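Structural features, examined
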Amino acid sequence: MTGSAAIIGGGVIGGGWAARFALMRWEVRIFDPDPEAERKIGEVMANAARVLPMLYEAPMPTRGAITYVGTVAEAVAGADWIQESVPERLDIKHRVIAEIQAACSPDAVLASSTSGFKPSELQQGAARSGQIMVAHPFNPVYLLPLIELVPSAASDAAIVTRAKEILTAIGMYPLHVRAEIDAHIADRFLEAVWREALWLVKDGIATTEEIDNAIRYGFGLRWAQMGLFETYRVAGGEAGMRHFMAQFGPCLQWPWTKLTDVPEFTDELVDLIAGQSDAQSGHMGIRDLERLRDNNLVAILRALKQQGAAAGKLILDHDNSLRASLGDEIPLVTVRRVVPVDWTDINGHMNEGRYGQLFSDASEELMIHIGADREYIAAGHSYFTAETSIRYLAETHAGEDIRVTTRVALGAGKKLKLWHQMHRAADDALLATCDQFLLHVSLETRRSCPPLPHVAAALDRLAAAHAEVTA
Ligand SMILES: NC(=O)C1=CN([C@@H]2O[C@H](COP(=O)(O)OP(=O)(O)OC[C@H]3O[C@@H](n4cnc5c(N)ncnc54)[C@H](O)[C@@H]3O)[C@@H](O)[C@H]2O)C=CC1
Ligand SMILES: C[N+](C)(C)CC(=O)CC(=O)[O-]
């Protein structure tokens with residue numbers, strides 16, 4: 001699914017939305033009065049274009065065009081999705097929504113990135129409340145899939161359903177917040193943690209760095225994969241959640257929490273926190289920190305994807321939906337993808353083991369093409385690799401767009417010989433070649449045997465076509 005998106009307000013969050021939509025093939029128009037907006041969004045886009053494709057094994061869709069326009073009306077005319085990401089002030093949001101509704105289609109989704117306002121507050125005085133809802137993202141919007149989708153009672157159910165479909169199609173996870181509440185679900189949670197952290201710094205119990213370490217070396221890792229309740233269920237041992245609550249429930253009466261009590265945000269507290277934060281991370285620029293954060297997120301998300309867990313499961317499903325079946329071009333393009341950060345080694349280039357993986361992926365794609373697919377394997381037949389010879393011809397780096405092409409050099413009886421070539425998309429440089437010999441096997445006897453007739457016939461056709469071109 002694709003369409004056109006209007007981004008109103010192109011700061012940290014609007015820029016992230018623009019990148020997410022454009023990288024998923026949407027045409028994007030942006031309005032932001034800041035004369036620096038184009039430069040800033042360009043930098044967000046560069047970050048996003050480097051890392052988002054690393055989450056996928058499938059080739060990314062063709063990138064949608066991004067256009068900067070001079071008025072809200074130009075941005076929203078004909079747009080299917082309008083994302084308001086102006087500063088967190090209700091008066092500004094009301095003014096901007098009025099301007100948007102004067103020029104947009106009544107059927108368009110009009111979503112706000114607001115961290116705290118309820119949709120009914122945004123709808124006050126609106127020309128058409130039905131199309132307005134909250135779609136609250138998380139920074140960086142181009143990597144983190146969660147969107148808190150919050151309609152009010154006045155929101156149009158059909159438009160909300162469409163909003164969910166669009167978000168899913170661009171790889172996001174719309175969490176439908178059923179009852180509107182200030183700061184939705186996740187920001188209430190973040191605020192609670194933030195308040196406790198402020199107290200701990202103010203009272204001199206911990207520094208900003210010690211608090212960050214308390215999160216990232218421990219429970220922060222658990223939260224990314226199981227969240228809060230599932231984590232605690234496991235912590236209850238064999239007796240599960242009931243036992244956990246019996247043991248820890250009463251503690252809430254103890255002085256363990258100051259959550260209802262807000263520390264005064266004095267200049268002194270701001271100086272204390274800002275000073276500690278400078279001491280902790282001031283040696284790195286914001287862009288360096290963003291890069292570090294993005295690389296770590298890619299590695300975590302890819303690990304979760306490998307396990308089919310939490311946000312990784314979502315990316316896996318989205319990846320599968322982006323996969324296209326092979327055409328009949330010669331040679332066949334069997335892999336088209338971006339090299340992820342977690343594939344590099346101590347030399348800063350792609351580890352040699354990953355070449356093997358890529359050529360193996362290419363063979364699997366070819367197997368699917370000739371009918372030796374999952375069903376065929378489930379029925380007890382497959383190909384095993386017997387010999388591989390790889391030549392590494394040039395360095396390959398994280399973030400590079402690569403493709404593998406495959407020719408059938410021999411397809412006779414149980415023998416299959418493939419010739420793979422790996423190229424960098426940017427300059428067509430030949431990066432590596434692979435000579436691979438496979439044998440058709442019975443998964444029952446684990447011994448070689450001829451393929452079933454339909455696979456043999458498909459292989460014959462492909463081998464003949466490839467031989468013709470090579471001759
Ligand atoms: N920064 C964050 O971590 C998150 C922020 N949000 C929400 O996203 C919204 C935007 O926040 P940020 O991007 O952080 O702010 P920001 O300050 O980075 O960006 C706001 C942008 O709006 C532009 N702007 C101001 N008036 C405008 C107008 N009348 N029309 C169009 N553009 C206008 C500004 O020039 C600026 O580029 C807020 O509602 C915020 O609560 C949501 C999730 C996370
Ligand atoms: C601090 N914040 C309220 C703007 C945070 C968010 O809204 C979500 C996030 O990305 O942490």
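Residues numbered from 1 in each chain as written. Chains lettered and ligands numbered in written order. Predicted model: local features only at pLDDT ≥ 70, side-chain atom pairs only at ≥ 80, totals over all residues. Heavy atoms only, no water.

On to the sheet that holds strand β8 (residues 173-176), then. If you walk across this open sheet you meet the eight strands as β3-β2-β1-β4-β5-β6-β7-β8, and the pairing is mixed. Each having just a single partner strand, β3 (66-68) and β8 make up the two edges of the open sheet. When the angles between neighbouring strand axes are averaged without regard to direction, this sheet yields 25 degrees. As judged from the three bridges shared by strand β2 (residues 27-31) and β3, these two strands associate in the parallel manner. Residue pairing across strands places arginine 29 opposite threonine 67, the latter belonging to β3. (Pairing = 2+ DSSP bridges. Helix = DSSP H or I, 4+ residues; strand = E, 2+ residues; numbered from the N terminus. Axes fitted to C-alpha atoms, helices over the stretch in contact; angles between N-to-C directions.)

Here we come to the nonpolar core. One finds Trp17, Phe21, Leu55, Trp81, Met133, Leu143 and Leu167 to be the most contacted residues of the largest nonpolar core, which totals 44 residues. For this core, the element with the most residues is helix α1 (residues 12-23), which contributes six residues. Sequence-distant contacts of leucine 55, defined by excluding residues within four places in its chain, comprise Leu143, Val298, Leu301, Arg302, Lys305 and Ile315. Ile92, Cys104, Leu110 and Val150 belong to the second largest nonpolar core, which has 23 residues in total. (Core = buried A, V, L, I, M, F, W, Y, C linked by side-chain atoms within 4.5 Å. Buried < 20%, exposed > 50% of the residue type's maximum accessible area, 1.4 Å probe, protein only. Contact = heavy atoms within 4.5 Å.)

Looking at ligand 1, there are 21 residues lining it, with Ile13, Asp32, Glu88, Lys93 and Ser115 nearest. In isolation ligand 1 has 830 Å² of accessible area, and contact with the protein removes 72% of it. Sorting the residues of the shell around ligand 1 by element identifies α1 and α4 (90-101) as the ones contributing at least two each. When the residues that make up the shell around ligand 1 are grouped by side-chain class, the tally is nine nonpolar, eight polar and four charged. (Near = heavy atom within 4 Å. Areas by Shrake-Rupley, 256 points an atom, 1.4 Å probe, with all protein chains shown as cover. Nonpolar A, V, L, I, M, F, W, Y, C, P; charged D, E, K, R; others polar.)

What follows is about the site of ligand 2. Near ligand 2 you find Ser115, His136, Phe138, Asn139, Asp187 and Leu190, and these make up its full shell. Here ligand 2, which alone exposes 320 Å², has 55% of that area covered by the protein. Residue composition of the shell around ligand 2, grouped by class: two nonpolar, three polar and one charged.

The subject of this paragraph is the packing of helix α7 (residues 186-202) against helix α11 (residues 267-281). The axes of two packed helices give the description: the angle between them and the distance between them. It is at 10 Å that the axes of α7 and α11 come closest, and there the two elements cross at 90 degrees. Relative to α11, α7 is oriented roughly perpendicular. Across the interface between the two elements, Leu198, Val201 and Lys202 of α7 pack against Leu269, Leu272, Ile273 and Gln276 of α11. Across the contact of α7 with α11, the residue classes break down as five nonpolar, one polar and one charged. (Parallel < 35°, antiparallel > 145°, perpendicular 65-115°, else oblique.)

Take the UniProt feature "domain: 3-hydroxyacyl-CoA dehydrogenase C-terminal" (unreviewed entry) in the chain next. Under the UniProt annotation, the feature "domain: 3-hydroxyacyl-CoA dehydrogenase C-terminal" (unreviewed entry) is placed at residues 185-249. The span residues 185-249 is 80% helical and 0% strand by assignment, and the distance between its end C-alpha atoms comes to 22 Å. (UniProt positions renumbered as here; feature names shortened; annotations may be inferred.)

Moving on to the side chain of asparagine 47. Mapped onto the elements, asparagine 47 comes out in helix α2 (residues 37-51). Owing to a relative accessible area of 14%, asparagine 47 belongs among the buried residues under this scheme. Ignoring anything within four residues of it in the chain, the contact list for asparagine 47 reads Tyr142, Glu290 and Asp294.

Right, let's get into the domain arrangement of the chain. Segmentation of the chain into domains returns domain 1 (4-176), domain 2 (186-283) and domain 3 (325-470). One C-alpha centre belongs to domain 1, the other to domain 2; they are set 31 Å apart. (Domains from an automatic or database assignment.)

Our next topic: empty space enclosed by the protein. Applying the stated rule across the entire model yields one cavity of 30 Å³ or more. The computed volume of the largest cavity comes to approximately 40 Å³. What lines the largest cavity is simply Arg20, Leu52, Leu55, Tyr56, Leu143, Pro145, Gly171 and Ile315. For the lining of the largest cavity, the per-class residue count stands at six nonpolar, one polar and one charged. (1 Å grid on protein atoms, 1.4 Å probe; cavity = no way out; pocket = protein on both sides within 12 Å on 5 of 7 lines; lining within 4 Å. Points joined across faces, edges and corners; volume = space filled by probe spheres on them.)

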